[in-house]
Amino acid sequence: MFHFDQYDDWYFDVVPLQHQSNVEETEKKSFEITESKKNIGSQLSSAFKILKDYDPTRFKRPNTEKNNISSSECIRANNRCNLSIDEILRLGAEKFIQSFTIRGDREAYMFSHPFATSFLGLSEDDTRNVALVENLLASAEKVGQKQFDHARRILNECHKFCSWNGNPIQRLVYYFSQALHDRIDRETGRDSSKGIGMKRLAHIEHLLMNLNPSMIAAHQNIPLSQVTQFAGVQAIIDHVAESKKVHIIDLEIGSGMQWTILMQALATHQYESESSITHLKITALCTKLRHKIDETRERLMDFAESLNLPFSFNIVMVEDVMELKQEDFELDNEQEDFELDNEESIAIFARYILFRMLARPDKLDSLMRVIKGIKPRAMIIIEVEANHNSPVFVDRFVEALFFYGAFFDSLEDCMKNDERSRTATESEHLSHGIRSIVATEGEERTIRHVKIDVWRAFFVRYGMEEDELSMSSLYQANLVLKNFACGSCCTLEMNKKCLLIGWKGAPLNSLSAWKFS
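Please read all numbers here as calculations on a predicted model, not as lab measurements.

Asks: Lay out the overall build of the protein with the relevant residues and their values.
Replies: Within the protein, the secondary structure is distributed over 16 helices and nine strands. For the protein, the proportion of its 517 residues judged to be buried stands at 57%. Across the protein, every contact between residues at least 6 apart in sequence was considered, and the portion connecting residues at least 24 apart equals 78%. Taken as a whole, the protein presents about 22600 Å² of accessible surface, with 49% of it coming from carbon and sulfur.

Asks: Describe in detail the environment of isoleucine 346, supporting the description with residues and values.
Replies: With respect to the element layout, isoleucine 346 can be found in strand 4 (residues 344-351). Residue class for isoleucine 346 comes out buried when judged on its relative accessible area of 2%. Sequence spacing of isoleucine 346 and isoleucine 282 is 64 residues, and the spatial spacing of their C-alpha atoms is 9.8 Å.

Asks: I'd like to hear about the packing of helix 6 (residues 168-187) against helix 14 (residues 419-439), residue by residue, with values.
Replies: For any two helices packed against each other, the geometry is given by the interaxial angle and the distance between the axes. Running from N to C, helix 6 and helix 14 cross one another at 40°; their axes reach a closest spacing of 9 Å. Here helix 6 and helix 14 pass one another in a crossing that is right-handed. In this structure, helix 6 uses Arg171, Tyr175, Phe176, Gln178, Ala179, Leu180, Asp182, Arg183 and Arg186 to contact helix 14, whose residues at the interface are Arg422, Glu426, Ser427, Ser431, Ile434, Arg435, Val438 and Ala439.

Asks: Let's hear about the side chain of glutamine 226: which residues, and what values?
Replies: Within the secondary structure, glutamine 226 is located in helix 9 (residues 223-240). By relative accessible area, which is 16% here, glutamine 226 ends up buried. Apart from the residues within four sequence positions on either side, glutamine 226 is in contact with His219, Gln220, Val480 and Phe484.

Asks: So what's going on with helix 16 (residues 471-481)? Residues and values would help.
Replies: Taken residue by residue, helix 16 has Ser473, Leu474, Ala477, Val480 and Leu481 as its buried positions. Buried positions in helix 16, seen along its axis, are confined to an arc of 125° and lie on one side of it. Among the exposed residues of helix 16, those pointing more than 90 degrees away from its buried face are Met471 and Tyr475. Residues of helix 16 that are buried in the fold lie against helix 9, strand 7 (490-495) and strand 8 (498-503).

Asks: Give me the state of the cysteines: which residues, what numbers.
Replies: Tallied over the full model, the rule gives one disulfide. The residue that forms a disulfide with cysteine 414 is cysteine 486, at a sulfur-sulfur distance of 2.4 Å. As the torsion about the S-S bond is roughly 110°, the cysteine 414-cysteine 486 disulfide counts as right-handed. Of this pair, cysteine 414 sits in helix 13 (residues 393-414) while cysteine 486 sits in the loop between helix 16 and strand 7, and the two are 72 residues apart along the sequence. Looking at cysteine 489, it has no disulfide partner, and the nearest cysteine sulfur is the one in cysteine 486, 6.3 Å off. Cysteine 490 takes part in no disulfide bond, and the closest cysteine sulfur to it belongs to cysteine 486, at a distance of 8.3 Å. You can call cysteine 490 buried: its relative accessible area is 7%.

Asks: Describe the pairing of strand 4, with residues and values.
Replies: Counting buried residues in strand 4 gives eight out of eight residues, a clear majority hidden from the surface. In strand 4, alternate side chains face the same way, and those of Glu344, Ile346, Ile348 and Ala350 on one face and Ser345, Ala347, Phe349 and Arg351 on the other are all buried. In terms of strand pairing, strand 1 (residues 245-250) meets strand 4 through six bridges, oriented parallel. The residue bridging valine 246 from the neighbouring strand is serine 345, located in strand 4. As defined by bridge partners, strand 4 adjoins strand 5 (residues 378-384) across five bridges and the pair is classed as parallel. Bridge pairing links alanine 350 to isoleucine 381 in strand 5. Chirality of the crossover, the property in question, places the unit of strand 4, helix 12 (residues 361-374) and strand 5 among those that are right-handed.

Asks: For the pattern of salt bridges, give the residues involved together with the corresponding values.
Replies: If you walk through the whole model with that rule in mind, you get 27 salt bridges. Taking the shortest distance from any N to any O, the salt bridge between lysine 160 and glutamate 157 comes out at 3.1 Å. Given a relative accessible area of 58%, lysine 160 falls into the exposed group. With a closest N to O distance of 3.6 Å, arginine 422 and glutamate 426 form a salt bridge. In this pair, arginine 422 and glutamate 426 are both assigned in helix 14, four residues apart and thus about one turn of the helix distant. Under the relative-accessibility criterion, arginine 422 is labelled buried at 6%. Residue classification places glutamate 426 among the buried positions, given a relative accessible area of 0%.

Asks: Quick one: what's the story with the pairing of strand 7, residue by residue and with numbers?
Replies: Residues in a regular strand project their side chains so that they alternate between the two faces of the sheet. Pairing between strand 7 and strand 8: six bridges, direction antiparallel. By the bridge assignment, asparagine 495 is partnered in strand 8 with cysteine 498. Here strand 7 folds back onto strand 8 in antiparallel fashion, the turn holding two residues, of which lysine 496 has a positive phi close to 60°.

Asks: Could you give me a rundown of helix 6, with the residues and numbers involved?
Replies: Compared with an ideal rise of 1.5 Å per residue, which puts 20 residues at 28 Å, helix 6 spans 29 Å between its outermost C-alpha atoms and is within 8% of the ideal. For helix 6, the tally of buried residues reaches 16 of 20 residues, placing the bulk of the element in the interior. N-capping of helix 6 is provided by asparagine 167, with a side-chain oxygen placed 3.1 Å from the backbone N of isoleucine 169. Immediately downstream of helix 6, the backbone of glycine 189 shows phi near 85°, a positive value.

Asks: Help me get a handle on unusual backbone geometry, residues and values and all.
Replies: The backbone of lysine 146 shows a phi angle near 65°, a positive value even though the residue is not glycine. In this structure, lysine 146 sits in the loop between helix 4 (124-144) and helix 5 (148-159). Judged by relative accessible area, which is 51%, lysine 146 ranks as exposed. Its identity is not glycine, yet glutamate 330 carries a phi of approximately 50°, on the positive side. As for its position among the elements, glutamate 330 is in the loop between strand 3 (311-317) and strand 4.

What counts, and at which threshold
Residues numbered from 1 in each chain as written. Predicted model: local features only at pLDDT ≥ 70, side-chain atom pairs only at ≥ 80, totals over all residues. Heavy atoms only, no water. Helix = DSSP H or I, 4+ residues; strand = E, 2+ residues; numbered from the N terminus. Buried < 20%, exposed > 50% of the residue type's maximum accessible area, 1.4 Å probe, protein only. Contact = heavy atoms within 4.5 Å. Areas by Shrake-Rupley, 256 points an atom, 1.4 Å probe, with all protein chains shown as cover. Axes fitted to C-alpha atoms, helices over the stretch in contact; angles between N-to-C directions. Left-handed = near helix turned anticlockwise from the far one by under 90°. Arc of directions from axis to C-beta. Disulfide = S-S within 2.5 Å. Pairing = 2+ DSSP bridges. Right-handed = clockwise from strand over helix to strand, strands pointing away. Salt bridge = Lys/Arg side-chain N within 4 Å of Asp/Glu carboxyl O. Expected span 1.5 Å × (residues − 1). Polar contact = N/O pair within 3.5 Å; in protein donor to acceptor, adjacent residues only side chain to side chain.

Okay, here's the thing in C-alpha cells:
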C-alpha cells in the first residue's frame, strides 16, 4: 500500500564535493563567531539548513558567467554592478547568513540591517533587490520555525518594495511572499479551505490544453519548450521510423503541437526513403477536459490530411488513472491474427505528467504497471529537473526560489518585447506552481518535482532501462537553439544518458528515453 508521503524522502540534499570545503570553512567561521551566543545556536544551525552555499548540481556556466559571487566581487571601477537574477539570489543568501549570524533572534527589517554599508559597491536597484531576497529568506526561516507573527511583519516590509509588474527580482519576491502569506494563513487557521492543491493543478492542466496568446508567445520566444519537443520527437522517431504502423500513446497531449513535428518528419522520411507507412495512430489519455482533446484531435486530423498521412486518433477516457487497463488502448498486437510485418511500433510519451502523481503514488504505480504490460519500444519522458519534494520546508523553499528565479530570468530575456504575455505567464502559470510548493503540504501539495536520479531509482521497480539518446536528438536540440536570439543562454548537458536543459547554468528540464527489459 502506498502513501502520499512515501516519496518525501526521495530527494538529494548533498553539497557537491567541490564545494564542501568552502561550506565547511564558512560554517567553521560562523560557529566561531557565534559560539558564545548559546541562545541562538539552534537557530543558527537552522539558518544554514536553508542555505548551505546553495549549488545543487548546477551546470558549468559559460565563460562569460561567474560560478559564484560575493560582495567583494561586486565592486567595479565605476562602483556599479548590474547583477543577474542568480547573482542577486546568491548575494541575498550570503547577506542573510551574515546578518543572521550577528543579529540572532532579532527581526530583520528592510534596509535597516547591520550590513547595509557593505552594499556601497552596488547600484541602488541591486542594493534593494539583494535586500528583498535577504528579507524574503528571513521570513521563510521564521515560517519554518513557526514564528508566524515575526514572518508576517517581515513580509509586510517586503511588500513595500516588491510588485507583480516590477523588475524580475521584485516580481519573483512578490509571488513567493504571496505564497508565504498563504502558508501562514493555512498554518494559523485563517484559511481552512480544502482541495486548493487539486484546483491549482487543474488550473495548470487547463492552461496546457489551451492555445491562448500568452502560452503561444512563451512557446515561440523561449527555447526551453521547443528544445524538449523537437529532441523528444526525434527520440521517438529513432525507435519507430522503420515501422509501417506507428502507435503513439500520449499521457498528456495538451494542444498536440508536438505531433505536427512528428507527422512532418514521418512524411519526409516516407518520401525520401520511399518506404510506406501504412498507419499512424495517436492515443490520448484523458481524465478531464474531453472537449479540449476533441479540439486537438480535429487539428491533428486536418494536419495529417494535408500531408496525405494515414492517421487515426483515439481517446482513452477514464475518470481516474486507477481505472486504466491495458486493453483500453486497442493495441493491434493483441489481435490473434496479426502478421509480424503488420505489428505496431508503440511509443509512450510522458511530458510533465508523472510528477503530478507523486502526491498519490498508488496512481503512479497503477499507471506504470499498465505501461509495462503494453511493452512499448520506448517511453520518452520529459520532466522538471528540480527537487521540490523535500519534507523540510525551508530546503524546498530555497530550491524553488532558485529554480523559479531561472525561469523568471528566461522570461525577462526572451519576452522583453511582450510584457503582457510575460506577465500572464508568470501570474497564470508560474505563480500556481510556487504556491503549491510553498504554501501546501500533504495531498494538497500537488506540485512535487524530483530530479532524474530519483526517477532512475523509481523506474528500476518496473524493469525499465535507460536508453541512449541518439546524436540526432542532440543535434535537434542544438539546432533549435540557433533559431533563438537568446539561445546561447540555454544550457544543454548530458547526465549519464539523460539530456538536461537549463538556463544560464540552472537545470530546469530533463529528457530521457526508456525501454522495458
